[in-house]
Amino acid sequence: MAFVPSDEEYRKGLRLVILGGGESGVGTALLGKAKGFELFVSDKGEIKKKYKDVLLNNEIEFEEKQHTESKILNADIVMKSPGIPDTVPIVKQIRQAGIKVMSEIEFASGFTEATLVAITGSNGKTTTAMLTHHLLKKDLNVGLAGNIGDSFAKQVLVENHDYYVLEVSSFQLDDIDRFKPSIAVLTNITPDHLERYNYKFENYIASKFRIVENQTAEDVFIYDADDAVISNWLQNHSIQSKPLPFSLTKVIEEGAYLSNDKIIITIDNNQIIMPTENLALEGKHNIKNAMAASTVAHLLRIRKQTIRESLENFQGVEHRLEHVLKINKVHYINDSKATNVNATYFALESMDAPTVWIVGGVDKGNDYKELFPFVNEKVKAIICLGVDNSKLFEAFGNMVDVIIETQYMSEAVKIAYKVAEAGDNVLLSPACASFDLFENYEDRGRQFKNAVRNL
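The sections below set out a description of the structure shown in this document. (Residues numbered from 1 in each chain as written. Predicted model: local features only at pLDDT ≥ 70, side-chain atom pairs only at ≥ 80, totals over all residues. Heavy atoms only, no water.)

### Examining unusual backbone geometry
Even without being a glycine, D261 presents a positive backbone phi close to 60 degrees. Relative to the assigned elements, D261 resides in the loop between β12 (255-259) and β13 (262-267). With a relative accessible area of 54%, D261 lands in the exposed category. The phi dihedral of D268 falls on the positive side, at around 50 degrees, and the residue is not glycine. Counting through the fold element by element, D268 comes out in the loop between β13 and β14 (270-275). (Helix = DSSP H or I, 4+ residues; strand = E, 2+ residues; numbered from the N terminus. Buried < 20%, exposed > 50% of the residue type's maximum accessible area, 1.4 Å probe, protein only.)

Spelled out as structure tokens, the structure:
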């Protein structure tokens, strides 16, 4: 548990102001009301009807389309939704006023004695969190929260689980003070969201490592030993928790590694061996996700047979290398969740047939060089789906015979249908954010699936 509700920040009657009326904000409001806080929710945009109804039904004061300074700057605590950057004027004023700012995961963790498993990383954290929950749920009373499903705060109020698997973003970690998971998992670190970190990679790296800053010798840190960024940071910084690395290339004495297509996990001289041939998820990156999740399960004494069966029947994550349909012997694959180059790297790496690649969107300062070998080897045509595709043409124009641009998903899929031949893959893996043409990556993925089904 991070800290106890008797702490100064947890006295009844304190004024809790919540910035953002989305999932984390409304969940925090419900928990705050139950614990006796004076509440006010403020959202600069329009609050979705489903959240507004919850606030109205629970008689929680709120405002939308504005931030009223007089109602915010008299707060004792501010819970800031993770999507709101520190550069927003009202947040600057809150900080200047010396008001305590915390994230939802920090606030909620003060009201539960559950064992917390927190998972972060630039890529793979959603899959690893969902897979970890899948491995644990048969034997334990476990919730799944953070960036997934119902907010952590709401689950603490309503569900009262003994364990929580939390998918945690760098934005959520930025506003913690004493949040302390018993088990922390770091899948990898590659440049992402640098606009929130003054375009300094080291600031983003430091944010990710906040997941271990409050851990003690009784806690555990599971991480990718093949990741150079993680390894370099650990060489230059000390952590208190017990390290349990995993690797595809090294033999790991305490942790997990791959040998002869088997995952070998050793913790305190207790070893389990898991074959990988029947893993439900494909690709080397998913072997790593399986290693991380299985290490958590082994730590929490889940039976080997349960781990094996769960790895084999896991259904995967929507919009992450999701097989949509096979039409005329062509596989259509939705990887819309790949919003950065590293995620697309994993997708292209896992392609085992000539591939028509749909790519593009809002470029986050992408460097496409690491994709060149896969494009040369596996990609037969590129369809650029974005408002500005000039950088993609510059990077890949000389590598493929066919490179076409469009601003419509339906057209992109029709072009792919014409170009692809029996045995090929059509892969949507944009390597970019979605906001130029779509509401979010989910909207982009759903439009792709609908367009494929309408062929």
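From this point, the narrative continues.
### Structural notes on the packing of aromatic side chains
Considering all chains together, one arrives at twelve aromatic pairs under this definition. Measuring from ring centre to ring centre gives 5.1 Å for F221 and Y223, while their planes differ by 20 degrees; the resulting arrangement is stacked. On the accessibility criterion, F221 (0% relative accessible area) is buried. Site record: aromatic cluster; members linked through ring pairs are F209, F221, Y223 and W233. (Phe/Tyr/Trp six-rings, centres within 6.5 Å; stacked < 30°, edge-to-face > 60°.)

### A few points about empty space enclosed by the protein
Taken as a whole, this structure holds one cavity of 30 Å³ or more when the rule is applied. Each pocket or cavity is described by its volume, and for the largest cavity that value is around 40 Å³. Here the lining of the largest cavity is built from residues that sort into seven nonpolar, one polar and no charged. (1 Å grid on protein atoms, 1.4 Å probe; cavity = no way out; pocket = protein on both sides within 12 Å on 5 of 7 lines; lining within 4 Å. Points joined across faces, edges and corners; volume = space filled by probe spheres on them. Nonpolar A, V, L, I, M, F, W, Y, C, P; charged D, E, K, R; others polar.)

### What about the pairing of strand β18 (residues 379-385)?
A large share of β18 lies buried, amounting to six of its seven residues. As judged from the five bridges shared by strand β17 (residues 355-359) and β18, these two strands associate in the parallel manner. From the neighbouring strand, T355 faces β18, where its bridge partner is V379. In this region the chain leaves β17, passes through helix α14 (residues 372-378) and returns to the parallel neighbour β18; the handedness of that crossover is right-handed. Relative to strand β19 (residues 402-406), β18 is paired through five bridges, and the arrangement is parallel. What sits directly across from I382, in β19, is I403. Regarding topology, helix α15 (residues 390-396) serves as the crossover connection from β18 to the parallel β19, and that connection is right-handed. (Pairing = 2+ DSSP bridges. Right-handed = clockwise from strand over helix to strand, strands pointing away.)

### Some remarks on helix α9 (residues 201-208)
For α9, the set of buried residues is Y204, I205, S207 and K208. Around the axis of α9, the buried residues are gathered within 160 degrees of arc, so they sit on the same side. The secondary structure elements touched by the buried residues of α9 are β6 (115-120), α6 (125-136), α8 (170-174), β9 (183-186) and α10 (228-236). (Arc of directions from axis to C-beta. Contact = heavy atoms within 4.5 Å.)

### What about the packing of helix α16 (residues 409-419) against helix α17 (residues 441-453)?
Interhelical geometry of α16 versus α17 gives an angle of 50 degrees and a closest axis separation of 9 Å. Taken together, α16 and α17 sit at an angle that is classed as oblique. Two packed elements cross with a definite hand, and for α16 against α17 that hand is right-handed. Mapping the contact onto sequence places M409, S410 and V413 in α16 and R444, Q447, F448, A451 and V452 in α17. Of the residues contributing to the contact of α16 with α17, the split by class is five nonpolar, two polar and one charged. (Axes fitted to C-alpha atoms, helices over the stretch in contact; angles between N-to-C directions. Parallel < 35°, antiparallel > 145°, perpendicular 65-115°, else oblique. Left-handed = near helix turned anticlockwise from the far one by under 90°.)

### Overview of helix α12 (residues 304-313)
Of the residues making up α12, those classed as buried are T306, I307, S310 and L311. In an axial view of α12, the angular spread of the buried residues amounts to 130 degrees, which keeps them on one side of the axis. Contacts made by the buried residues of α12 are with α6, β14 and α11 (284-299).

### Brief notes about the pattern of salt bridges
Applying the stated criterion across every chain yields a total of 26 salt bridges. A salt bridge links K288 to D226; the shortest N-O distance between them is 3.3 Å. Linking K288 in helix α11 with D226 in the loop between β10 (220-224) and α10, this pair joins segments that are 62 residues apart in sequence. With relative accessibility at 17%, the residue K288 sits in the buried group. Its salt-bridge partner being E421, residue K380 comes within 2.8 Å of it at the nearest N-O pair. In this pair, K380 is assigned in strand β18 and E421 in the loop between α16 and β20 (425-428), connecting sequence segments 41 residues apart. Note on K380: relative accessible area 24%, which makes it partly exposed. (Salt bridge = Lys/Arg side-chain N within 4 Å of Asp/Glu carboxyl O.)

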